[in-house]
Amino acid sequence: LGILASYFTLEVNGVPANARGLVVMISALLGGPYLGIPVGIISGVWRFFLGGPTALACGVSTVLAGIIGSLVYIWNDGKFLKSYKGALLMLLFSGFDMFVVTILTPRPDGIIIANAVYAPMTFASVLGIVLFSMFLSEKKEETGIIDEELKQTIHENSAKISDNADIINLNTERIIEISMDLKEY
């Protein structure tokens, strides 16, 4: 997905903006270092080989998104961030991303490009992670409701099975009595 995000861009003042960092960050926040770092490396290397004045900066930033997201995953005990924490993370990461672009892109291109894409990329990243975390929370809630319903059904059926087992035991005892009576004849 990180590779696809490199292709799906929006032109802002003649500069392509995308959500590659968001995709890598979500991968890392969902799967930790085993998913986030490889996705970051693959997407970052891919971005580097696409070329352009920001190739190095965007490649490095993409790899760092995988590493930072993986660290947050570890610090958060493998739980996905709540919406407001995810929004704050992406807001801070977008600022860091633009800093990397400014530092690693030849002057004055880095500053011009960072100026052009900072607002739309930050907005898209923050909105994207908020929507994703809301979707994830809703699915977890649905799963929790289903789990509770399943537990209740199992409990009810266990009680019915227990009641039926008593009836079966009584019937079995009665059958044994009848067969013993038949043997006497």
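Residues numbered from 1 in each chain as written. Predicted model: local features only at pLDDT ≥ 70, side-chain atom pairs only at ≥ 80, totals over all residues. Heavy atoms only, no water.

S.K.: What is the right way to read the packing of aromatic side chains from this model?
M.R.: Ring pairs (aromatic) are described by centroid distance and by the angle formed between their planes. Enumeration over the complete set of coordinates arrives at three aromatic pairs. With centroids separated by 6.1 Å and ring planes inclined at 50 degrees, the aromatic side chains of F93 and F96 adopt a geometry described as tilted. Placement of both F93 and F96 in helix α5 (residues 83-104) is noted, with a separation of three residues, approximately one turn of the helix. The class for F93 is buried, based on a relative accessible area of 5%. (Phe/Tyr/Trp six-rings, centres within 6.5 Å; stacked < 30°, edge-to-face > 60°. Helix = DSSP H or I, 4+ residues; strand = E, 2+ residues; numbered from the N terminus. Buried < 20%, exposed > 50% of the residue type's maximum accessible area, 1.4 Å probe, protein only.)

S.K.: Is there a simple way to think about the layout of surface pockets in this case?
M.R.: Summary: where empty space remains is shown by rolling a probe the size of a single water molecule over the atoms. One number sums up the size of the largest pocket: a volume of about 360 Å³. Lining the largest pocket are 23 residues; nearest its centre among them are P16, N18, R47, T54 and C58. For the lining of the largest pocket, the residue count by class is ten nonpolar, ten polar and three charged. Empty space within the second largest pocket amounts to approximately 210 Å³. (1 Å grid on protein atoms, 1.4 Å probe; cavity = no way out; pocket = protein on both sides within 12 Å on 5 of 7 lines; lining within 4 Å. Points joined across faces, edges and corners; volume = space filled by probe spheres on them. Nonpolar A, V, L, I, M, F, W, Y, C, P; charged D, E, K, R; others polar.)

S.K.: Quick question: what am I supposed to make of the environment of V63 here?
M.R.: Positionally, V63 belongs in helix α4 (residues 55-75). The residues touching V63, leaving out its near neighbours within four places in the chain, are G40, I41 and G44. (Contact = heavy atoms within 4.5 Å.)

S.K.: What's the story with the packing of helix α2 (residues 20-31) against α5 in this structure? I'm lost.
M.R.: What describes two packed helices is the angle between their axes and the distance between those same axes. It is the contact of α2 with α5, at a shortest axis distance of 11 Å, that shows an interaxial angle of 135 degrees. Considering the angle they form, α2 stands oblique to α5. Here α2 and α5 pass one another in a crossing that is right-handed. Within the contact between the two elements, α2 uses G21, L22, M25 and L29 and α5 uses L89, M90 and F93. Residue classes in the contact of α2 with α5 are distributed as six nonpolar, one polar and no charged. (Axes fitted to C-alpha atoms, helices over the stretch in contact; angles between N-to-C directions. Parallel < 35°, antiparallel > 145°, perpendicular 65-115°, else oblique. Left-handed = near helix turned anticlockwise from the far one by under 90°.)

S.K.: Can you help me understand unusual backbone geometry in this one?
M.R.: In most cases, non-glycine residues show a negative phi, while peptide bonds are predominantly trans. Cis geometry marks the peptide bond from R107 to P108, where omega comes out at -10 degrees. On the secondary structure map, P108 appears in the loop between α5 and α6 (109-184). The phi dihedral of D77 is positive, around 55 degrees, even though this residue is not glycine. As for its placement among the helices and strands, D77 is situated in the loop between α4 and α5.

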